[in-house]
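Coordinate analysis (summary)
Residues per chain are reported as follows:
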Amino acid sequence: MKQQHTYSKNDNRYKEGVMEKSKVSIFFLLLILCAFTWTIYSKFIKNEKGLEESFTEDEFIDFLYQNLGLEDPHDVDIHEFEYDMIETTYQVVDVEASDFQLKTMQNETIKLSDLKGKKVFINFWTSWCPPCKEEMPHLNEFYEQFAKKNNIEILAINITDQELSMDDVKKFADKYQIKFPILFDDTGAVSTEYKIITIPTSFIIDEEGKITEKIVGPVTKDILLEKFQINT
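Note that the coordinates shown come from a computational prediction; the quantities given were computed from them, not determined experimentally.

**Describing the overall build of the protein**
Secondary structure summary: the protein contains seven helices and eight strands in total. Each of the 232 residues in the protein was classed as buried or not, and the buried ones make up 37%. Sequence-distant contacts, at least 24 apart, represent 74% of the contacts inside the protein between residues at least 6 apart. For the protein, the accessible area works out to roughly 15200 Å², and carbon and sulfur atoms hold 51% of it.

Laid out in structure tokens, this is it:
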């Protein structure tokens, strides 16, 4: 007969379990508080008429940490933390890509279905995402060296409703001298349609308009060369 394990309130294992549950509860409470604070800021404070100044990204993060009583975010190695948490994963897919139509930084309109006949690499990103910052030079280099002669287009879809300001996006584009089209998902409708949870997330779309692969996490030039089967 299989022995059943029971736990009393005086048992160490019981106490450890309670402590772990408490930690989880506190963690989710902090997430809710962050979401609530961001909603108040983005919906009311940031859009208030006559507001001359708005928080920068760092100031807003500092504001959250100070009001939640957490440690100073500048004491944390964010770059190292992100890469400990995010590992690039690949998922083979075979579905029709949902069509969309978005504006670029130059106020031009790009419609996905108009690109049939080309291979398309769609990359969802934000300007404050550390892995996005790491992969952008790789995307840029691949685009300049290999995209045109291999009939490939890259579309960098900025999840604009998760940005603090449009200036952050423009500064990001200038800093990395991005050559491929940057599209603005102002309402978040496209990222919702593509079920984006982790950023960056990318999709490879074939010439017929079908998604062949979903990539969650940052990519490199070598990864793109492999995925598009390009020999150098």
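**Examining the packing of aromatic side chains**
The way to describe two aromatic rings as a pair is by their centre distance and the angle between their planes. Counted under the stated rule, the structure contains 10 aromatic pairs. Consider the rings of Tyr143 and Phe180, whose centres lie 5.6 Å apart with planes at 70 degrees: the pair is edge-to-face. One end of the pair, Tyr143, is in helix 4 (residues 130–147); the other, Phe180, is in the loop between helix 5 (166–176) and strand 6 (182–184), and 37 residues separate them in sequence. Judged by relative accessible area, Phe180 falls into the buried class, the value being 3%.

**Some remarks on the sheet that holds strand 2 (residues 101–104)**
An order of 1-8-7-4-5-6-2-3 is seen for the eight strands of this open sheet, with the pairing classed as mixed. At either margin of the open sheet sits one strand with a lone partner, and together these are strand 1 (89–96) and strand 3 (109–111). Going across the sheet, the axis of each strand differs from the next one's by a mean of 30 degrees, ignoring polarity. Of the strand pairs in this sheet, strand 7 (residues 201–205) and strand 8 (residues 210–216) are connected by five bridges, and their pairing is antiparallel. If you follow Thr201 over to strand 8, its bridge partner there is Val216. Sheet contacts for helix 4: strand 4 (119–125) and strand 5 (152–158); angle to strand 5, the most-contacted strand, approximately 155 degrees. Relative to the sheet, helix 5 contacts strand 4, strand 5 and strand 6, its axis offset from that of strand 6 by approximately 170 degrees.

**Focus: the nonpolar core**
Counting 49 residues, the largest nonpolar core has Phe100 and Tyr194 as its most contacted members. Among the secondary structure elements, those contributing two or more residues to this core are strand 4, helix 4, strand 5, helix 5, strand 6, strand 7, strand 8 and helix 7 (221–227). Take this core: its biggest share by element is six residues, from helix 4. If near-sequence neighbours (up to four positions away) are discounted, Phe100 is found in contact with Ile110, Lys111, Leu112, Ile122, Leu155, Ile157, Leu183, Val190 and Tyr194.

**A few points about the confidence of the model for the protein**
Here the protein shows a mean pLDDT of 78. Residues at 70 or above account for 63%. Overall, residues 1–24 carries pLDDT values under 50, and its contacts beyond four positions in sequence, including any with other chains, amount to seven contacts. Contacts of residues 46–53 to residues separated by more than four positions or lying in other chains number seven contacts, the stretch itself having pLDDT below 50.

**Some words on helix 4**
Between its terminal C-alpha atoms helix 4 stretches 24 Å, which fits the 26 Å expected from 18 residues at 1.5 Å a residue. In helix 4, a bend of some 30 degrees at Met136 exceeds every other bend along the element, and Pro137, a proline, comes one to four places later. Within helix 4, burial applies to Pro130, Pro131, Cys132, Glu135, Met136, Leu139, Asn140, Phe142, Phe146 and Ala147.

**As for the pattern of salt bridges**
This model, assessed by the stated rule, comprises four salt bridges. Across the pair Glu141 and Lys221 runs a salt bridge, and its minimum N-O distance is 2.9 Å. Of the two residues, Glu141 is situated in helix 4 and Lys221 in helix 7; the sequence distance between them amounts to 80 residues. We classify Glu141 as partly exposed; its relative accessible area is 33%. The class of Lys221 is buried, set by a relative accessible area of 18%. Across the pair Lys227 and Glu213 runs a salt bridge, and its minimum N-O distance is 2.8 Å. In this pair, Lys227 sits in helix 7 while Glu213 sits in strand 8, placing the two residues 14 residues apart along the sequence. When its relative accessible area of 12% is taken as the criterion, Glu213 is described as buried.

Conventions we followed
- Residues numbered from 1 in each chain as written.
- Predicted model: local features only at pLDDT ≥ 70, side-chain atom pairs only at ≥ 80, totals over all residues.
- Heavy atoms only, no water.
- Helix = DSSP H or I, 4+ residues; strand = E, 2+ residues; numbered from the N terminus.
- Buried < 20%, exposed > 50% of the residue type's maximum accessible area, 1.4 Å probe, protein only.
- Contact = heavy atoms within 4.5 Å.
- Areas by Shrake-Rupley, 256 points an atom, 1.4 Å probe, with all protein chains shown as cover.
- Phe/Tyr/Trp six-rings, centres within 6.5 Å; stacked < 30°, edge-to-face > 60°.
- Pairing = 2+ DSSP bridges.
- Axes fitted to C-alpha atoms, helices over the stretch in contact; angles between N-to-C directions.
- Core = buried A, V, L, I, M, F, W, Y, C linked by side-chain atoms within 4.5 Å.
- pLDDT = per-residue confidence, 0-100.
- Expected span 1.5 Å × (residues − 1).
- Bend = angle between axes of the 7 residues up to and from the residue.
- Salt bridge = Lys/Arg side-chain N within 4 Å of Asp/Glu carboxyl O.

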